Every structure is written in structure tokens, then in C-alpha cells.
Amino acid sequence: MSFSGGLRLTDLNDYITPGQECIKPVEIKKTGRSDGSQIKVGTEGEYYEVSKDGEETKLEKASITLNDCLACSGCVTSAETVLITMQSHHELLSILEENRQLRSSGQGAQAKHVVVTVSPQARASLAVKYRLSTISVAKRMTSVLKQMGVDNVLDSAFTRDLTLVESAREFVQRYSASEGQVGDGKSLPVLASWCPGWVCYAEKTHSEVLPWMSTTKSPQQTMGSVVKDYIAKKLATTPDRIYHVAIMMCYDKKLEASRDDFYNDIYKTRDVDCVVTTGEFDRMMSETGVAFAEVPESEALDSLFKADAANEQLLSSAGTSAGGGLEYVMSYAARALFGIEVTPDQIAAAGRGESQHPL
């Protein structure tokens, strides 16, 4: 399995050795030696620390979960101690096969409702690879996923808009509460990121910034709430009867989906059950013998897809390719706080140096 630079398994051994200090240390017993001791591999694959006088101390395996991981690529090994099997396209294929077996045996009522959310970045990457338009990629993904047994294919650009609105409201509320003052004891600045790697890094290495971090969910997790709450109610079912997959641009999004913050204790389910990266989706197509470029386009996209009425063009948020968060918040705040009308596109153009900043 290949990994991004943000989450990588290095080819070391199964243990954190005395010279490898994890940024987020795993809680294991250490010998504390600094006398140049060596590592010995036993006959059954176990590891021992051998001191200069020959004393052997068996080392404990370093276990780390996605919740512990900082996505720094510098602390863990290439062994099975890092368990990510529940966050792969194989898990999606397993669920779809289980559903097929239930339906073929007359137990269709026990099958899970499968929802897949696709990010704009994933569509863009596939569009570049296959030299297709993004709307064509969206229709082909919808077509092939539904042929495989997926019930709904949604667009995270839809919930990105919800996230933008909530982020802007939060900023205005915090600006008003602190009367525009910044610093300790104030609610400003607002630090926001949709990157789970950055959020995890801030939480585990710079706790002093936590009071200033935005509380708004990312588009991925906002869609998780929509799927497991709104859609579940529309289907008259419970959240645990829906299996929600997100096709995202980065392995770090797996870390986000695995956070305890997004786990429903009542129904024992996560808002996003599985994250599949763009590369994993493409690999899934190859493994299942699907020539993606030859897949016929779906005639219609599901309703929670950000497209025009004729389904001929995908719509995007104003601003930059990063999602338009800064541009939208500045535009919203300028209007709400100071009565100044300025569009996100004007702010984005100024950021690119194409015009004078309107503010």
C-alpha cells in the first residue's frame, strides 16, 4: 500500500528504538539505557536490547492507532502495528459484497445503505489523469459506483458551502465578542484549517493555540453529519444502518474520520466510516477490471451534488482552489461588521496580485 508524504510507513523495524523519539510518544516501557546498546532479533522475530555487558531486555511492540498518529511520517515502522485496514477501498468492496449476498439470499432488509461522498479535488485529479472534464468524471464516478451497489453518490462541495457559512458566522461572533482585540484572553485570532494533519499537529505540539482554533467542522465531517443525521431521518433508518465512504484527496483525511469527536456512542458508528483516497479509488477501478475512461456517464447526479440544473456543469465556491474559506469569511465579515460590499472573487484576485485589495 502506498502512502502520501503526510502518512508514511518507513522501512525500519517493529519497534521504536532508543534513538527514535516519537513526537507523540507511545506509552511503552523503556530501559533508559544510553550506553550504546544494540538491538538483537530473536529466532521468532522478537526484538531484544543488548547492553555492552551482554544483558538482554525484551522490547515491547510499539502500537499506534490513527487517533495517536501525528501524520508526521517520522515515528512509526512498516509493520502491522499501524492498523489502517478499516480505512481502505477493500473495506468498501467488502461491504458491497456483503450487501449483494444479503439481497441474493432474500435478506435485503439487513443490507446497509451505502453513501459515497466525492471531493472536488479527487474529481480534478482523475480529470487530469484521464483527460476528461470534471463533470464527466462526476458522472462516470456516479455511474460506476452505483453499478457496484452504492446507493447515493454525493458532492462534498455541497457541504463546503455549509462550512463556509458557519466559519463566517463564527468569525463575526468572535470578532464582536472581543471587540476586534487580539491576544490572550480574547476570542481572536481565529485559526482555521480543513487539513487534519495541521489540526493534529496544533493539538499535540502547540496547545497554547487551541483556544483560538475554529470549532467549525470540515466539509468531510459536515457531510458526515448530513448523511448520518439528515439522510438517515429521510430514510427512516438509524445512523448505524448507513455506511458512509468519503473519496478524498489525502491520506490524512483518514485520521480525521477516525477521531473520537466524530463517533456516535449511541449507535456505535462514525460519521464517516471509511476514507478512500483518489489513488485508492483509481486502484480499485484497476483491481475490479473497470476501464474508468470507458465508463458511460450517468444521466443524472444525486440531489446533493453542486451542479447546475441541467447537470452540465459543476459549481464551485468563489475564491481560490483551497476552498475559498479566507475569501468568503472576509467578504461576509466586511458586510456584517462594517457594511462594506466586497466579493470573494475580488479578494482572491487581490491575493493573486491581479488587482488592488478592495479592503
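Remember, it's a predicted structure, so these values are computed and weren't measured experimentally. (Residues numbered from 1 in each chain as written. Predicted model: local features only at pLDDT ≥ 70, side-chain atom pairs only at ≥ 80, totals over all residues. Heavy atoms only, no water.)

(A) Summary view of the layout of surface pockets. Estimated volume of the largest pocket: approximately 830 Å³. Taken together, 33 residues line the largest pocket, and the ones lying closest to its centre are A192, S193, W194, S214 and T216. Elements supplying a minimum of two residues to the lining of the largest pocket: helix 4 (156-177), helix 5 (196-205) and helix 9 (325-338). Per-class residue counts for the lining of the largest pocket are 16 nonpolar, 10 polar and seven charged. (1 Å grid on protein atoms, 1.4 Å probe; cavity = no way out; pocket = protein on both sides within 12 Å on 5 of 7 lines; lining within 4 Å. Points joined across faces, edges and corners; volume = space filled by probe spheres on them. Helix = DSSP H or I, 4+ residues; strand = E, 2+ residues; numbered from the N terminus. Nonpolar A, V, L, I, M, F, W, Y, C, P; charged D, E, K, R; others polar.)

(B) Spotlight on the packing of aromatic side chains. Tallied over the full model, the rule gives five aromatic pairs. For the ring pair Y175 and F338, a centre distance of 6.1 Å and an interplane angle of 85 degrees mean the geometry is edge-to-face. Of this pair, Y175 sits in helix 4 while F338 sits in helix 9; the two residues are 163 residues apart in sequence, bridging distant segments of the chain. Judged by its relative accessible area of 52%, F338 falls in the exposed class. Residues F281 and F292 carry aromatic rings whose centres are separated by 6.0 Å and whose planes lie at 85 degrees to one another, so their mutual orientation is edge-to-face. One end of the pair, F281, is in helix 8 (residues 278-287); the other, F292, is in the loop between helix 8 and helix 9, and 11 residues separate them in sequence. Pair check on accessibility: F281 and F292 agree, each one buried. (Phe/Tyr/Trp six-rings, centres within 6.5 Å; stacked < 30°, edge-to-face > 60°. Buried < 20%, exposed > 50% of the residue type's maximum accessible area, 1.4 Å probe, protein only.)

(C) Up close: the sheet that holds strand 4 (residues 113-118). In space, the four strands of this open sheet follow the order 5-4-6-9, with parallel pairing throughout. Strands with a single pairing partner mark the edges of an open sheet, and in this sheet they are strand 5 (152-155) and strand 9 (274-277). Between one strand and the next, the sheet's axes are offset by a mean angle of 25 degrees, whatever the strand orientation. When strand 6 (residues 242-248) meets strand 9, the two strands line up parallel, connected through four bridges. Bridge pairing links V245 to C274 in strand 9. Its contacts with the sheet place helix 2 (residues 120-130) against strand 4, strand 5 and strand 6, and it is angled at close to 70 degrees to strand 4. (Pairing = 2+ DSSP bridges. Axes fitted to C-alpha atoms, helices over the stretch in contact; angles between N-to-C directions. Contact = heavy atoms within 4.5 Å.)

(D) Highlighting unusual backbone geometry. The amide bond that connects L188 to the next residue, P189, takes the cis arrangement and shows omega of 5 degrees. Looking at the secondary structure, you find P189 in the loop between helix 4 and helix 5. A positive phi angle is found at E179, which is not glycine, with a value near 55 degrees. When you line up the elements, E179 lands in the loop between helix 4 and helix 5.

Any functional reading would require information that these geometric values do not contain.
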